[in-house]
Structures are given as structure tokens and as C-alpha cells.
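# Chain and residue survey
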Amino acid sequence: MKRLLAVVLIAAITLLTSFAAGASEVATVRVWFAGTAEPMMRVVNEQLLPAFHQAHPGIRIEVDFIPWNELSPKLLTSFAGNVAPDLFMHGQAATAGFASAGVLEPLDEYLEKSPGMLEDFGASLDAGLYEGKRYMIPVYGSGTLLAYRADFYEEVGLDPNNPPRTWEELRESALKLARKRGNRFEREGISVRIAAAQQDWSPFLWQNGGELFSEDGKQVLFDSPEAIEALEFYVSLFDDAIADKRENQPIGNLPVLAAGAVAQEFTTVENLKTIATYAPDVYPNVRVAPPLTRVQPAAWYSFAGFFMAKQSANKEATWEVLQFLTSPEALEALTYSLSGLPPRASLAGVPHVAEDPNVIAFMDGLSAARFNPNIPIWVNARDALERQIERAIRGIVSPAEALRTAADEVRQLLADLGN
Amino acid sequence: MSEGVERVRGLRFLRTAGIYAVLIVVAFVMSLPFSWMVLSSFKPNSELFSYPPVWIPTRWVLDHYIRAFEAAPFGRYFFNSAVTGISTTVINLFFTSLAGFAFAKYDFPYKNLIFFALIATMMIPFHVILVPLFLVAKNFPFAGGNGLWGGGTGLLNTYPGLVLPHLLPVFGVFLTRQFFMGLPDDLIDAARIDGASEYRIYWTVALPAAKPVLATLAIFSFSNVWDDFLWPLVVTTSQSMRTVQIGLQVFQSQHSVEWGPLMAATVAVTMPLVVVFVLNQRSFVQGVTSSGIKG
Amino acid sequence: MAGTTMYSRRGSYQRRLQRVAFLFILPVLLYTVIFRFAPMFASLYLSFTRYNVLQPAVWVGLQNYIRIFQSDLFWTALRNTALYSLEVLPLNIAISFGLALLVNQKVRGVAFFRTLFYLPVVTSIVAVSMIWMWLYDYNLGLFNLLLEYVGLGPFDWLGDPRLALHSLVIMRVWKGVGWNMVIYLAALQEIPQELYEAASIDGANSWQRMLRITWPLLRPVTFYITVMGIISTFQTFGEIYAMTKGGPLNSTTTVGYLIYQQAFDQFQMGQASATSFVLLGIILALTVVNNRVSGARAEA
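All of these numbers come straight from a predicted model, not from anything done at the bench.

## Some details on the interface of chain C and chain B
Each partner contributes residues to the interface: chain C has 95 residues there, and chain B has 102 residues. On the chain C side of the contact with chain B, C:Phe24, C:Arg36 and C:Glu190 bury the most area, a combined 9% of that side's loss. On inspection of chain C and its partner chain B, the count reaches zero salt bridges. Per element, the largest residue contribution to the side of chain C that touches chain B is 22 residues, and it comes from helix H1 (residues 11-46) of chain C.

## Observations regarding helix H18 (residues 399-418) of chain A
An ideal rise of 1.5 Å per residue puts 28 Å on 20 residues; H18(A) measures up with 28 Å between its terminal C-alpha atoms. Listing the buried residues of H18(A) in full gives A:Pro399, A:Ala400, A:Ala402, A:Leu403, A:Ala406, A:Ala407, A:Val410 and A:Asp416. Elements in contact with the buried residues of H18(A): helix H9 (198-207), helix H10 (225-236) and helix H17 (378-393) of chain A together with strand S1 (49-50) and helix H2 (63-70) of chain C.

## What to know about the pairing of strand S1 (residues 27-34) of chain A
Look at any regular strand and the pattern is simple: side chains alternate between the two faces of the sheet. All names here are of chain A. Among the eight residues that make up S1, seven are buried, leaving the element largely enclosed by the rest of the structure. With eight bridges connecting them, S1 and strand S2 (residues 59-66) associate as parallel partners. By the bridge assignment, Val-31 is partnered in S2 with Val-63. Handedness of the S1-helix H2 (residues 38-55)-S2 crossover: right-handed.

## With respect to empty space enclosed by the protein
Under the definition given, this model contains five cavities of 30 Å³ or more. Taken as a whole, the largest cavity holds about 170 Å³ of empty space. Lining the largest cavity are 18 residues, and of these A:Arg246, A:Glu247, A:Gln249, C:Asp137 and C:Tyr138 sit closest to its centre. For the lining of the largest cavity, a count of residues per class yields 10 nonpolar, four polar and four charged. Of the pockets and cavities examined, the second largest cavity occupies roughly 80 Å³. Lining the second largest cavity are B:Ser81, B:Thr84, B:Thr88, B:Leu162, B:Val163, B:His166, B:Val225, B:Trp226, B:Asp228, B:Trp231, B:Pro232 and B:Thr243. Those elements giving two or more residues to the lining of the second largest cavity turn out to be helix H4 (74-105), helix H7 (159-163), helix H11 (211-227) and helix H12 (230-235) of chain B. Sorting elements by how many residues they give to the lining of the second largest cavity places H4(B) first, with three residues. Residues that form the lining of the second largest cavity fall into these classes: six nonpolar, five polar and one charged.

## Details of the nonpolar core
Within the largest apolar cluster, 294 residues are counted, with the highest numbers of intra-cluster contacts made by A:Val31, A:Phe33, A:Phe98, B:Phe101 and C:Phe117. With 16 residues, the top contributor of residues to this core is helix H7 (residues 164-189) of chain C. Those residues within four positions of C:Phe117 in sequence are excluded, and the remaining contacts are B:Leu23, B:Val26, B:Ala27, B:Met30, C:Leu99, C:Leu102, C:Val103, C:Gly178 and C:Met181. Among the nonpolar cores identified, the runner-up in size contains 54 residues, and A:Tyr153, A:Tyr234, A:Ala263 and A:Ile389 belong to it.

## Some words on the environment of C:Phe155
Residues and elements named next belong to chain C. Checked against the element boundaries, Phe-155 lands in the loop between helix H6 (142-149) and H7. Distance in space between the C-alpha atoms of Phe-155 and Gly-141 is 10.0 Å, their sequence separation being 14 residues. Filtering out sequence-adjacent residues up to four positions away, Phe-155 remains in contact with Tyr-138, Asn-144, Leu-147 and Leu-163.

## As for the pattern of salt bridges
One pass over the structure, following the stated rule, counts 32 salt bridges over all chains. Put simply, A:Glu155 and A:Arg179 hold a salt bridge, and the shortest N to O gap is 2.7 Å. Residue A:Glu155 is found in helix H7 (residues 150-155), and its partner A:Arg179 is found in strand S7 (residues 179-181); the two are separated by 24 residues along the sequence. The exposure class of A:Glu155 is partly exposed, given its relative accessible area of 45%. Between A:Asp408 and A:Arg411 there is a salt bridge; the shortest N-O distance is 3.4 Å. In this pair, A:Asp408 and A:Arg411 are both assigned in helix H18, three residues apart and thus about one turn of the helix distant. Since its relative accessible area comes to 47%, A:Asp408 is described here as partly exposed. By relative accessible area, A:Arg411 is classed as partly exposed at 33%. A single network of salt bridges, built from pairs that share partners, joins A:Glu38, A:Arg42, A:Glu46, B:Arg67 and B:Glu258.

## Considering the interface of chain C and chain A
Chain C puts 31 residues into the contact, and the matching count from chain A is 27 residues. Both sides together, the interface formed by chain C and chain A hides about 2,700 Å², and carbon and sulfur atoms give 57% of it. Counting across the interface, chain C meets chain A through one salt bridge. Two residues, A:Arg184 and C:Glu148, come together in a salt bridge whose shortest N-O distance is 4.0 Å. Scanning the region where chain C abuts chain A turns up seven residue pairs in polar contact (both at pLDDT 80 or more). Breaking the side of chain C that touches chain A down by element, the ones donating at least two residues are helix H5 (125-136) and helix H12 (255-265) of chain C. Among the elements that line the side of chain C that touches chain A, the one with the most residues is H12(C), at five residues. Partitioned by chemical class, the residues of the side of chain C that touches chain A number 17 nonpolar, eight polar and six charged.

## Section: the confidence of the model for chain B
Averaged over every residue, the pLDDT of chain B is 85; the share at 70 or more is 94%. Ignoring residues within four places in sequence, the model shows residues 286-295 of chain B, a span with pLDDT below 50, making 19 contacts including any to other chains.

## Here's the deal with the domain arrangement of chain C
All names here are of chain C. On domain assignment, one finds that chain C holds domain 1 (1-46) and domain 2 (63-299). Centre-to-centre separation of domain 1 and domain 2, based on C-alpha positions: 31 Å. Residue-level contacts link four residues of domain 1 with six residues of domain 2. Of the roughly 390 Å² buried at the junction of domain 1 and domain 2 (both faces included), carbon and sulfur atoms supply 73%. On the domain 1 side of the contact with domain 2, Met-40, Leu-44 and Leu-46 bury the most area, a combined 81% of that side's loss. At the boundary of domain 1 with domain 2, the tally comes to zero salt bridges. Where domain 1 packs against domain 2, one counts zero residue pairs in polar contact (both at pLDDT 80 or more).

## Some words on the packing of aromatic side chains
Think of a pair of aromatic rings as described by two things: how far the centres are apart, and how the planes are tilted against each other in angle. What the rule picks out here adds up to 74 aromatic pairs over all chains. Geometrically, the ring pair formed by A:Phe213 and A:Phe222 is edge-to-face, given 5.8 Å between the ring centres and 80° between the ring planes. Each member of the pair, A:Phe213 as well as A:Phe222, is classed as buried. Centre to centre, the rings of A:Phe213 and A:Trp378 are 6.5 Å apart; their planes meet at 75°, and the pair counts as edge-to-face. Note that A:Phe213 is positioned in the loop between H9 and H10 and A:Trp378 in helix H17, a separation of 165 residues in sequence. Residues A:Phe213 and A:Trp378 agree in their burial class; the two are buried. Site record: aromatic cluster; members linked through ring pairs are B:Phe94, B:Phe95, B:Phe101, B:Tyr106, B:Phe180, B:Tyr199, B:Tyr202, B:Trp203 and C:Phe24. When the ring centre of A:Phe152 is taken as origin, the NZ or CZ atom of A:Arg187, which lies over that ring, is 4.2 Å away.

## A few points about the packing of helix H3 (residues 72-103) of chain C against H7(C)
Residues and elements named next belong to chain C. Running from N to C, H3 and H7 cross one another at 40°; their axes reach a closest spacing of 6 Å. By the angle between their axes, H3 is oblique relative to H7. In this structure, H3 crosses over H7, and the sense of that crossing is right-handed. By residue class, the composition of the contact of H3 with H7 is 20 nonpolar, six polar and two charged.

## Comments concerning unusual backbone geometry
Although it is not a glycine, A:Ala196 sits at a positive phi angle of roughly 50°. In this model, B:Asn157 sits at a positive phi of 60°, which is unusual for a non-glycine residue.

## Structural notes on the side chain of C:Lys175
The topology assignment puts C:Lys175 in helix H7. Summary of buried charges: C:Lys175 has no salt-bridge partner, and the nearest side chain of opposite charge, B:Asp227, is 6.2 Å away. Side-chain polar atoms of C:Lys175 contact the backbone oxygen of C:Pro120, separated by 2.8 Å. With near-sequence residues (within four places) excluded, C:Lys175 lies in contact with C:Pro120, C:Val121, C:Thr123, C:Ile125 and C:Val128.

About the cut-offs
Residues numbered from 1 in each chain as written. Chains lettered and ligands numbered in written order. Predicted model: local features only at pLDDT ≥ 70, side-chain atom pairs only at ≥ 80, totals over all residues. Heavy atoms only, no water. Contact = heavy atoms within 4.5 Å. Buried area = accessible area lost by both parts, 1.4 Å probe. Salt bridge = Lys/Arg side-chain N within 4 Å of Asp/Glu carboxyl O. Helix = DSSP H or I, 4+ residues; strand = E, 2+ residues; numbered from the N terminus. Expected span 1.5 Å × (residues − 1). Buried < 20%, exposed > 50% of the residue type's maximum accessible area, 1.4 Å probe, protein only. Pairing = 2+ DSSP bridges. Right-handed = clockwise from strand over helix to strand, strands pointing away. 1 Å grid on protein atoms, 1.4 Å probe; cavity = no way out; pocket = protein on both sides within 12 Å on 5 of 7 lines; lining within 4 Å. Points joined across faces, edges and corners; volume = space filled by probe spheres on them. Nonpolar A, V, L, I, M, F, W, Y, C, P; charged D, E, K, R; others polar. Core = buried A, V, L, I, M, F, W, Y, C linked by side-chain atoms within 4.5 Å. Polar contact = N/O pair within 3.5 Å; in protein donor to acceptor, adjacent residues only side chain to side chain. pLDDT = per-residue confidence, 0-100. Domains from an automatic or database assignment. Phe/Tyr/Trp six-rings, centres within 6.5 Å; stacked < 30°, edge-to-face > 60°. Lys NZ or Arg CZ within 6 Å of the ring centre and 35° of its normal. Axes fitted to C-alpha atoms, helices over the stretch in contact; angles between N-to-C directions. Parallel < 35°, antiparallel > 145°, perpendicular 65-115°, else oblique. Left-handed = near helix turned anticlockwise from the far one by under 90°. Lys, Arg positive; Asp, Glu negative; His and termini not counted.

Given below as C-alpha cells:
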């Protein structure tokens, strides 16, 4: 009897307190940032939140910061337990998985009501496009471009101000830059990835006029003649006179480019920052080339941004917060703290971009930016592709056979999901 | 005569010298990465990855430590980890040794089946029970605003939430059972004839004899919680409930790592584990001198 | 077996002891039912469904299990895992036993050395992977540098599909022996000195004493270390995730890594659960075999 009374009492108190919370004027919006980098946390906690709360007394932001590697387990458990945040940040690769499960709020209507956003974000909004709807407001971008050592260029008589533009020029420069002692490389002409090669290889596919998937994501296109040709070229970069078939492991996170073990490699802005920090004497010799071209120029880019949960209880307030967090002022501070590329065109001239010619090169490269496709089976497709590309590089199968095997595997998967 | 004594003494010296030689070589190999970590935490950035590697910093800097402790509320994190680690250890020591004792020294129906079922719970990767376990924690009855069937947030973001779902008692049951199996039955029977209750036998006969294994269990329980990362992250929803390992993430972003502060903070975070080991391993020596369990 | 046999004639006493024993295990049992068995049964159910966590599970019968046995990758992963376990376990047991004997010697400063031997266990996996990747580096690594002096190599430790798994084995053994050393050391304390003294009088030398007294008395602990070793090596995930991501050519893809990818990269929780239960079956079978083998040895 006593126990029953206690249960009833507890239940009553719970109900009362929840009503009380509902009745108050302040709406709470829960926001999860991806990554726990201290500079970003500092910007959010000391700059963005106070500014927002001062301007919007009716809304309270509750933030949390989740390490990238654990973002998936954290989000899945919270969605399963119905305690998902209103807004969460993730890479664009998450779009298809979450959107196809119906847990994301499409943002097109909100965007149309908000003057200037569509124009200023431009094509970066397409990074979060799934089945014709936009789900992500980008926060920062990253991409891979060819980085090279100007001092090595000069040493072998290449012009550091005139980096390779075409496949042929790339190969030629790599042949010239490679230096061997016996059968070991003292310096590789170019280093591209062996495992996890999709990111390095896809630009060659796009440059050659090929595609990974059809627009609707229903057809596999990465075994086309253009794709095979691109992989043949990619494999030829492991020529005996250019590089050996070994993955170059960064030391810590310091790219091997800094140690001088390779003369050129595809790299990201973040990696360049690492060189600037840990090998400051080398950094002045590191340059970035514009996207390579064949049929057309193309380079791999990717954005991370905010997604809104469909189950969010207070969407008006959530959009208010989202608008604030992706405003030009907020994004300038955030992209600076993350050493990422700003997604808004109006931010192209901010100091942390305009001061470093290498970062400018990455901003200019955005005009040829291509994204990985937003389709639910993308992770499986990428894994299948990477397994087969590695086999092709190691000479176990021919490039054509590799791509066909991967494509068949993915077609099987698509067929499985179709029924 | 004296020649013989000399020879024995010489042999003993050789043996001791041999032991030290092996000890020193092995110690070098085993402590190398740790030493590297400590040395790195005092190096300026430009020497962290230079080639050939710089072992001893040419200039000792404290910057990384200063930066590390400014970057995150490590005091709070240490407190949370200590609370979680100590309570886990105490709970584990008592309940698992009790169960381990029962499995080793009593006969009861389905004993082996139950024991095996317990062991089997360790054979499933934690990643696949993460989501169901999270739901158990969230819907735990009468906690965090829950009724009998949930409704609130349960154990989420609480100390019991950090501790409870992650006790791993089976490990301790198994370990202590294996040790109690070596405890002579005569000891227990003698205590029974003296009229001691079963619980008293456990407390005054079994536990004192098991000091070394309890020390081992304490070391394990504490380190396991201290090193854990995924569960505390998933079960907490605010920075103030986070633990030290999550604190270390502050120096790692998506594609890069701040090595200097990371190494400094890692050294600081590892120290309590070394202390726990040093304190507990004393009981290993005691075991030898008092000759453990005498019949 | 247990100390109750002499009372077996007295039934009520026997029942009382049973009740006491049951009370002793009750807390652990209750705990395990709520926090382990319940989630495990949920996973077992999910293993027969298609479940991405975000949407309700859809019953698919045995499909996930059929997929496992059709998948080349699973068999590759299982082979890698078994090989890894087979290499790590004996090395780990032999070395940790040797170290325990070594630091059980009564020489000055031995406590200090114990601590040093234990350091790899507490060194963070980030720092450990980092320095081992450096040691293993093809061009700049210490191992290749040393081998070059004796005219061997260079080896691509982590990049060569024939070598990578073994390189990870070496690291795991290095990181793990300190822990098992502690367990052996604790067990060594329980061996009554009288046994050794008696054997010394019988004229047994130290090697014989080790073989005839120490090793047999440590059998329950060795059994424990073996079972725990099987359980943990078959679930190996951390260093794979940190160092090789399963490469090169899937030569270091373990079942534990595969399960993680299925669960949190591909959002196929049903498939991950099915793979986990196949893994559980395998570990269980190995444990039973180990139990039989060491049980038989103990009786012989």
C-alpha cells in the first residue's frame, strides 16, 4: 500500500514538473556539435551562445560536443531512446542514411523564407540534397587538391608556379620528381592512396566525364569505360619509376610530404595546417595546385553541417537557432576555429582564408567541386569500391575486372533493397 | 670449506646479476612508448615529429601542460572518473568475490550452467548491445522521473548511469572463482566446526587469503572504468558529467590531432592508474612473506 | 569437489548451504539478467530483422545469417581473427608467465620493475598506436633501421598483406603481457612455500620445481587466462580501428571490426547482431573445448 502511494506520488510530481516546464516562456533547443576540438568549443561557448541568448531571451540553447568517431553510436542511441537533439552537426555523408529513415526535417521551406541564404550558400547546399530535398545547412567544407613541394620542383627543373593541369602533365612531373636509391625510393614522385582510395580516385573519374551513380542513385555507373580508364591511369601512378605500392603512413598526422618522402600528394586544408604547425620550416615550400582536368576539371569536396531532427518539438525556435549558427558572423568564427572552408560566398574574403594562398587555392577549387553521392547504400558502395581498387593497384585483378566486381556487388545490394 | 662458500656466494652473485640484466632489458622494451609519451609532452612542436627523431627535448617546455589544463575542465573530469572508478571497484570487489567464492566452494543446482551463462555474456561485442543497454538505462524503473515503464530519462546523465550498466562483474566472478578453487577445503571446514556462519567464513577466512587476487581485481576494475570511453559518452548528456577519456578528445579534431597537449594530458590522465597499480601491488609482497594460505 | 561432501548425509544442512550459496550469487545474477541478458536477448531478436535503429525492425527470418555464410569478407575476417588469436594466446601466456616468475624474485627494486612491466597496459592506445606505427614505418622506423644493420629487410610491417596481422600480434602481446603477469603474480603468492621447501629437500632443482609444482598449481589461473584470452582476442577491435582499418587487402579485418562497421558505418544493426551471435557461438564452442581439454588434463 505504502509503495503504491509512493509510485502515485512520484508519477504526480513528474507530471506536474513536466507541465511546469511546458508552461514556461523559454523554449529549449538542444544542439550537438560534431567534434570536440577546443578552439571550436571555445567559440561556441564564449562567443556564439552568449550572443544568441542576449538577442533571443525566449530561447535557450543547450549544447553538447560529440567526438567525430563516436557520432554514429551517440546519434543512434539517442534516436532509439527518443532523446535526440533538435539540431545536430554531421558530415554530408550522413544525409542519405538519416533522411531515408525519415528522421530529418527537410529545410527547403525554411530556406525560401529566409532572404539571402539560398544565394549565399549556393551549391554547398547541394551537399545535403537527398531525393530533391535539402537537409543540411553547411558549416564548413574540406576538399582534396594536389599539394606539392616547390623546393623539389626547382631542384628537378620544374616551374613551381606552373603545376600540372592534366593527367599527362601530372605523370610527367611525377616521373621527374621521383628519386631512387637502389630499389628503394628516397622520394616518390606522387603518393596516392592504396586503401581508402575512393576519395583520391573519384576526381579522376569525374575529370574523365564519368559518374559513380546515376542522378537518382538507382544505377551503378562506376564500371563505365571512363571509369576504367580513370582507374588504369590511377594504377599507372604506381609505376616503378614513380612510387612503390606501399601506403605512406603519416607520422602522427603529419603528411609524408613534410618529411620529404614524397614530392606531391592529394591533401586537405587540415593537413596543410598540420604541416604549418609541426614543420613550420617546410610549410613555405608547400603549394597547392588547382583541380586537374581532362574532359572537365573536378575535385573532391565535402561539407559538414547542421541537420534538424523531425521529432524536434519546437521547430520555429530550432530554425531560429540554426539561422544564427550559420549566419556569416558565426560561420566566420567557426570555420576559423576549425581551419575549414567557409560555405558562404560572402565569406571568401575573411582573413583566415585570404591570408594563405594555399587556402585561397582550396576556395578557388570549389568551382570544380564534386561530392560523394547521397544514397543510403553509399558506405557499402564505397567499401566495395575501395576493396577492389586496392586489388587492382596490387595487380591481383585488372582495373576493368576490379570495377566490374565492385559494381556487381553493389547492384546485388540495390536489388536486395528494392524488394 | 671456505672455497665452497666462496663459490656459492659467487654463483648467487652471478644469478642476481643475471636477473638484473634481464630485468633491465625487458624494462627498457616495455617502458619505451611510455617514456616517449612523457618526453614528447615536454617537447616543442617542431621536435615532435622531426626526423631523425629527437628523443631528449633540446628545450624542455611546459606549454603543453598549461595548454592542456586550460583547454578542458579536467578537474571536473577527474572527479567524475574517480567517483565512477572507486564506486565500481568497491562494488565489484565485494559482490564478485562473494559470487566467486560461492561458485568455487559450494554445490548448488545448475551451478555450472549458471556459471557458463554468466561467462557467455562476455562473448558478445559491446557494440551490438550498446543500443539495447542504452534503452535499459533510459527506461530503468523509478529513476530520473521514470515510472515503472519509463517516461523520464532514467539513469541517463547520472552517476549510477555511469557505473551500473558497466560493472562487468562476470570478469571478477570468474577471476575470484579460479583463485578460491585453490583455497584448501580444510580451512573452511575448520571454521564451520568452530561454528562460524557461511558469511563469516567468506569474510574472515576466504577474503584475507585472497588479498593478491583482490588487489588484481581492484587494479582491473579501476583501470577498466578509467579507460572507458564509449559508454560514458553515450550515457551522459552534459559536459559536467564527462570523464577523463572524453576530456582527451579535446585535442583531436576530425582530421588532425594536437599532439603536444594530447601527450601532456594523456600523461596526467595515466598517472592515477600507475598509482593504483603501485599501491595495490604491495599486497603481492605481503602474500609471499605471510605465505598466503597455510593449512 | 567442494567442501560440502562431508555433510552430504545431512540433507537439510545441505539445503541450507545451497540457499546461502544462492544468496551469494544473487546480486551478480540479478545484475547480469538486467544489464546483460536483457540487452542480449534484444540483440538476438534483432538478428532476425532488418534494423537500422532509426526505423522499426522488420522481421527477415534467417536472411542475416544466410548473408554471413555467403559473404567472403566474413570468412576472411574469421580466418584473420582465428590466426590472430592463435598467435597472441600462446605468446602471451608464455611471456607473461616468464615475467611473473622474474618479478617474483626477491631482489631489491623488484617492485619498480613490476611497475615498468605494467606500463604498456596503462599507456593510452592512441600513444601506443602512434609510437608503434612509427616503429613499424617503412622508411623512418626503428625496426627497419635495426634490421638494416644486420643486412635484413626492409619490411613493410603494416602495409604488406602478409605481415600486417603478425605486426599487430606483436603489439598486442607487448601491450597485454603486463596484465597477465599481474594475474600470474597474484596466483604465485597463493602457493604455500612449504611445498617448495619439501621439494627442495627431495632434491628437485628449480626447473623441476617450476615444472612439477608451480605450473600445475597455476592451472586454474592458466585456464582463466586462456578463456579470457579467447574471448578478448576474438572480439579485437580497438587497435584495428586505430591502426589499419582492416587493411591492407582486408588482411587485418577481424570479426569485431566487421561488426562495428556493420553497426555504426552501415547502420545494419540486424546484420551486426547476427554476426555477433555467430561469433558468440564460435567463442562458446572454443571455450567448451578448452574446458574439456584442460579438465581432462587436470584429471590425468
